[in-house]
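Here is how the chains run, residue by residue.
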Amino acid sequence: PKFTKVDQSTCIACGACGLTAPEIYNYNDEGIAYVILDDNQGSVEVPELLRPDMLLAYEGCPTGSIKVSKETFVEEGHRVK
Ligand code: F3S
């Protein structure tokens, strides 16, 4: 997978993802995680070098809130770059 996005409706602000992959995930004022690269749109490819960290964060999230995909999370036509 190249794309990632945080499901903020289920994130419990546990803080694991930002420790595992600090270049990909950060937290908003409530401690809820988001993807730094594209403001949590899931529209920008995670650089190859960071993908192992992305997968570790994906596996490590206790609530399954980290989503990963081969495809962008943004529907064609609504793509924001
Ligand atoms: Fe939230 Fe999971 Fe990260 S609960 S803070 S998305 S590890």
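Quantities reported herein were computed from a predicted structural model and do not represent experimental measurements.

Asks: Honestly, the nonpolar core in this entry has me stumped. Any pointers?
Replies: Side chains of a nonpolar character, in soluble globular proteins, are inclined to be buried together. One finds V6, C17, I24, Y25, A57 and I66 to be the most contacted residues of the largest nonpolar core, which totals 15 residues. Listed by contribution, the elements that provide at least two residues to this core are strand 3 (33–35) and helix 2 (51–60). In this structure A57 touches C17, T20, A21, Y25 and I66, once residues within four positions along its chain are discounted.

Asks: What am I meant to see in the site of the ligand here?
Replies: Around the ligand sit 14 residues in total, of which C11, I12, G15, C17 and C61 are the nearest. Grouping the amino acids of the shell around the ligand by side-chain chemistry returns eleven nonpolar, three polar and no charged.

Asks: Looking at this structure, how should I read the environment of P47?
Replies: Of note, P47 is situated in the loop between strand 3 and helix 2. Sequence separation of P47 and I24 is 23 residues, and the distance between their C-alpha atoms is 9.6 Å.

Asks: Even after reading the chapter, I still don't get the pattern of salt bridges, so can you show me in this structure?
Replies: Oppositely charged side chains may form a pair once their charged atoms are brought near each other. In total, this model carries two salt bridges according to the counting rule given. Notably, a salt bridge pairs E45 with K2, separated by 4.0 Å at the nearest N-O pair. Taken together, the residues span a long stretch of sequence, with E45 in the loop between strand 3 and helix 2 and K2 in the segment before strand 1 (3–6) at a distance of 43 residues. Assessed through its relative accessible area of 41%, E45 is described here as partly exposed. Given the relative accessible area of 35%, K2 is considered partly exposed.

Asks: How should I be thinking about unusual backbone geometry in this particular structure?
Replies: Glycine aside, the phi torsion of most residues is negative, and most peptide linkages are trans. Located in the positive-phi region is A13, a residue other than glycine, with phi close to 60°. Here A13 shows up in the loop between strand 1 and helix 1 (16–20). Judged by relative accessible area, A13 falls into the partly exposed class, the value being 32%. Even without glycine at this site, D39 takes up a positive phi of about 55°.

Cut-offs used in this document
- Residues numbered from 1 in each chain as written.
- Predicted model: local features only at pLDDT ≥ 70, side-chain atom pairs only at ≥ 80, totals over all residues.
- Heavy atoms only, no water.
- Core = buried A, V, L, I, M, F, W, Y, C linked by side-chain atoms within 4.5 Å.
- Buried < 20%, exposed > 50% of the residue type's maximum accessible area, 1.4 Å probe, protein only.
- Helix = DSSP H or I, 4+ residues; strand = E, 2+ residues; numbered from the N terminus.
- Contact = heavy atoms within 4.5 Å.
- Near = heavy atom within 4 Å.
- Nonpolar A, V, L, I, M, F, W, Y, C, P; charged D, E, K, R; others polar.
- Salt bridge = Lys/Arg side-chain N within 4 Å of Asp/Glu carboxyl O.

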